[in-house]
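Structural features, examined
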Amino acid sequence: MTTLQINEVAPRDGLQIEAEFVPTEAKIRLIDALSATGLARIEATSFTSPKAIPNLRDAEEVVRGIKRRPGVGITVLVPNLRGCERALACGVDEINLVMSASDSHGLANLRMTPEQSLERFAEILAATRGSGVFVNASLSTSFGCPFEGEVPETRVLGLVERLLELGVEGITLCDTTGMANPAQVGRLCEAVLERWPEAPFTLHFHNTRGMGLANALAAWQTGIVRFDASLGGLGGCPYAPGATGNVCTEDLVHMFEQMGVATGVDLDALLAVSAGLPELVGHATPGQVVKAGKADRRYPMPAR
């Protein structure tokens with residue numbers, strides 16, 4: 001059975017919307033601790049304007065300060081050509097481009113329609129040629145838009161096709177606002193895997209309506225083996241009304257490991273890192289397994 005590949009997004013997707021700036025040294029310690037747990041990739045930061053996302057204004061310092069561990073890819077979000085150049089100068093393994101499947105979310109989040117995003121991606125891809133850096137594109141609102149509602153499957157498939165034609169190597173299908181349900185996830189995953197069986201697809205779920213793990217299971221049942229997840233369930237899109245955190249990494253790993261599905265992750269080590277999150281961010285986190293313990297936890301009989 002193929003080992004899953006878990007991409008940890010808390011250092012970027014989680015910390016970007018925290019109320020307080022997490023010090024650079026603390027970010028580096030967090031990523032170093034995460035890289036020792038067996039995660040396949042870690043999204044370390046975003047090379048965006050410090051004015052746009054002040055919490056990630058230390059992108060260069062973070063990427064240059066972390067310990068690079070063999071087998072753990074360091075990926076970063078890149079919004080434009082300048083961000084790409086900054087990321088390449090830091091020697092990242094992967095860059096992640098972001099666009100929306102819906103016009104309204106694209107305008108709210110990126111100030112660009114999907115068509116405009118594709119034009120920008122072309123110049124970024126030209127800058128990466130010959131670098132050896134893997135280029136992934138995340139397609140937000142693939143399962144629904146908070147402004148427009150349903151996003152037709154044909155639209156999502158059409159944008160995936162255009163991204164792959166541009167030269168993007170991997171695609172992440174994002175449930176940006178937690179609107180997806182398992183049946184819908186299964187249908188879209190089957191459709192993309194049938195049309196592009198060799199393309200590496202990643203699924204990115206939010207737990208806004210409590211269906212994050214169910215949706216991940218539905219994706220895995222179609223053959224998906226790559227998942228984004230956020231330690232402690234941190235995160236949420238600031239331009240998606242009502243959106244809460246990403247599916248929790250340790251809860252996702254626990255579910256699959258209990259099913260006998262290999263994740264390559266040391267769950268005990270991951271839980272130890274998660275236990276330190278509340279002190280780091282200054283509030284409780286929504287992850288469940290770190291609170292309840294693993295399913296094989298045993299308790300003493302109550303005294304009579």
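Keep in mind the model is a prediction, meaning the values are calculated, not measured.

Let's shift gears to the overall build of the protein. Counting its regular elements, the protein contains 13 helices and eight strands. Against the globule reference of 19 Å for 304 residues, the protein gives a C-alpha radius of gyration of 18 Å, in line with a compact fold. Reported as C-alpha extents along the three principal axes, the dimensions of the protein are approximately 70 × 40 × 35 Å. Evaluated residue by residue, the protein yields a buried proportion of 55% over its 304 residues. At a minimum sequence separation of 6, the contacts of the protein that also span at least 24 residues come to 74%. Summed over all atoms, the accessible surface of the protein reaches about 13100 Å², with 51% contributed by carbon and sulfur. The protein carries 26 positive and 35 negative side-chain charges, and their two centres are separated by 4 Å.

With that out of the way, let us pick up the sheet that holds strand β7 (residues 201-205). Here eight strands make up a closed barrel; going around it, the order is β1-β2-β3-β4-β5-β6-β7-β8 and the pairing parallel. Strand-to-strand twist in this sheet, taken as the mean axis angle between neighbours without regard to direction, amounts to 25 degrees. Direction of pairing for strand β1 (residues 5-8) relative to strand β2 (residues 41-46): parallel, over a ladder of two bridges. Bridging from a neighbouring strand, glutamate 8 pairs with isoleucine 42 of β2.

With that settled, the discussion passes to the environment of leucine 157. Locating leucine 157 in the fold gives a position in helix α7 (residues 153-166). Classification of leucine 157 as buried rests on a relative accessible area of 9%. Along the backbone, leucine 157 and valine 192 are 35 residues apart, and their C-alpha atoms lie at a distance of 7.1 Å. Setting aside residues up to four positions removed in sequence, leucine 157 forms contacts with Leu188, Ala191, Val192, Arg195 and Trp196.

We now examine the pattern of salt bridges. Under the criterion given, the structure shown has 10 salt bridges. Put simply, arginine 41 and glutamate 94 hold a salt bridge, and the shortest N to O gap is 3.6 Å. In this pair, arginine 41 sits in strand β2 while glutamate 94 sits in strand β4 (residues 94-100), placing the two residues 53 residues apart along the sequence. The partner of lysine 294 in a salt bridge is aspartate 268, and the shortest N-O contact between them spans 2.9 Å. Taken together, the residues lysine 294 in the segment after α13 (289-292) and aspartate 268 in helix α11 (residues 267-275) connect sequence positions 26 residues apart. We classify lysine 294 as partly exposed; its relative accessible area is 23%. By relative accessible area, which is 46% here, aspartate 268 ends up partly exposed.

Criteria and thresholds
Residues numbered from 1 in each chain as written. Predicted model: local features only at pLDDT ≥ 70, side-chain atom pairs only at ≥ 80, totals over all residues. Heavy atoms only, no water. Helix = DSSP H or I, 4+ residues; strand = E, 2+ residues; numbered from the N terminus. Rg over C-alpha atoms; globule rule 2.2 N^0.38 Å. Buried < 20%, exposed > 50% of the residue type's maximum accessible area, 1.4 Å probe, protein only. Contact = heavy atoms within 4.5 Å. Areas by Shrake-Rupley, 256 points an atom, 1.4 Å probe, with all protein chains shown as cover. Lys, Arg positive; Asp, Glu negative; His and termini not counted. Charge placed at Lys NZ, Arg CZ, Asp CG, Glu CD. Pairing = 2+ DSSP bridges. Axes fitted to C-alpha atoms, helices over the stretch in contact; angles between N-to-C directions. Salt bridge = Lys/Arg side-chain N within 4 Å of Asp/Glu carboxyl O.

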